[in-house]
Amino acid sequence: MFTGKKTKLWPKTILVLTLFMALIFITPAQAIGENAGGVSLTLSPPIAPAGASVTASGTSAPGVWLSLKVLDSLQNIVLFDAFKSDDHGNYSITFVVPAVANGNLSVVAGYGNDVAVKTLTVDSQTPVRLKGDVNYDSIVNVLDVVKTVNIALGKVQPSPDDFYAADVNSDSVVNVLDVVKIVNIALNLQ
Ligand SMILES: [Ca+2]
Ligand SMILES: [Ca+2]
């Protein structure tokens, strides 16, 4: 009978819907609430205009899949990605800042309840820094190589923006690997 069918169908539908809601909504809400855990997160740069590339990097358990969520002030997910940590538990993922109004976004990286949250400030007044252009004159040449060598040797204390430009491979360290990459960029080898 019609009513019999209805009562049979509804519990299933409700169960499926509940599970769906639990997966979609409850998991991120719990994740945001808990900032403690083994996952670490660093944003480079922490202030960027929409359209700029930002690298999220850090550590987690080795060889696990992590999700990267970017939430606006209303907790809407404006960006979602998944990535895997390496055998040493290091991870690095680069994303493009979504076209949102200026203000703070929350970047959440991790899995399950083990997540790290960092604030990404969207500021369209901030110029997009070119990787490798460490002295900020819009070209990558020997001057940038020299400055990067000095940063790597600790002779120059870089501003966060200069550090971002000098850390060409986005591993949160300025060292000989970045110098080699900047030499290659300057020589048009890459
Ligand atoms: Ca330059
Ligand atoms: Ca580097």
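Everything numeric here is computed off the predicted structure, so don't read it as measured data.

Rules behind the numbers
Numbering of residues begins from 1 in every chain and follows the order in which that chain's sequence is written. Working convention: letters from A go to chains and numbers from 1 go to ligands, in the order in which they are written. With the structure being a predicted model, the display of local features is reserved for residues of pLDDT at least 70 and the display and counting of side-chain atom pairs for 80 or more, all residues being used for whole-chain, interface and lining totals. Note on pairing: DSSP must find at least two bridges between two strands before they are called paired. Strands here mean DSSP runs of E at least two residues long; helices mean DSSP runs of H or I at least four residues long; both are numbered from the N terminus. Only the stretch in contact is used when fitting a helix axis, every axis being a line fitted to C-alpha atoms; angles between N-to-C directions are given from 0 to 180 degrees. Each residue carries a pLDDT score, the predictor's own confidence in it, on a scale running from 0 to 100. Contact criterion: two residues are in contact if their C-beta atoms, reconstructed from the backbone, are within 7 Å. Exposed residues have 12 or fewer other C-beta atoms within 10 Å of their own C-beta, buried residues have 20 or more, and residues in between are partly exposed; the C-beta atoms are placed from the backbone.

**Some thoughts on the sheet that holds strand E1 (residues 42-44)**
Whether parallel or antiparallel, the strands of a sheet pair through hydrogen bonds between backbone atoms. If you trace the three strands from one edge of the open sheet to the other, you get E1-E3-E6, paired in antiparallel fashion. Every interior strand has two partners, whereas the edge strands, E1 and strand E6 (90-96), have only one. Across the sheet, the mean angle separating the axes of adjacent strands is 20 degrees when strand polarity is ignored. Sheet analysis places strand E3 (residues 53-59) next to E6, joined by seven bridges and oriented antiparallel. Its bridge partner lying in E6, Ser 57 is registered against Ser 92.

**So, the sheet that holds strand E5 (residues 77-84)**
Spatial strand order, E2-E8-E7-E4-E5: five strands in an open sheet with mixed pairing. Strands at the two margins of the open sheet, each flanked by one partner only, are strand E2 (47-48) and E5. Where strand E4 (residues 65-71) and E5 come together, seven bridges link them in antiparallel fashion. For Trp 65, the partnering residue across the bridge sits in E5 and is Lys 84.

**Remarks on the confidence of the model for the protein**
Chain-level pLDDT for the protein is 84 on average; 79% of the residues reach the 70-or-more range. When pLDDT is averaged over each helix and strand of the protein, the minimum, 54, is found for helix H1 (residues 2-33) and the maximum, 97, for helix H2 (residues 142-152). The low-confidence segment residues 26-36 (pLDDT under 50) makes 13 contacts with residues lying over four places distant or belonging to another chain.

**A short note on unusual backbone geometry**
For residues that are not glycine, phi is negative in most cases, and the peptide bond is trans in most cases. The amide bond that connects Ser 44 to the next residue, Pro 45, takes the cis arrangement and shows omega of -5 degrees. Position of Pro 45 relative to the elements: it lies in the loop between E1 and E2. Of note in the backbone geometry, Gln 75 takes a positive phi value of approximately 65 degrees without being a glycine. Along the chain, Gln 75 falls in the loop between E4 and E5. Assessed through the 11 C-beta atoms surrounding it within 10 Å, Gln 75 is described here as exposed. Here Tyr 136, not a glycine, exhibits a phi torsion of approximately 60 degrees, which is positive.

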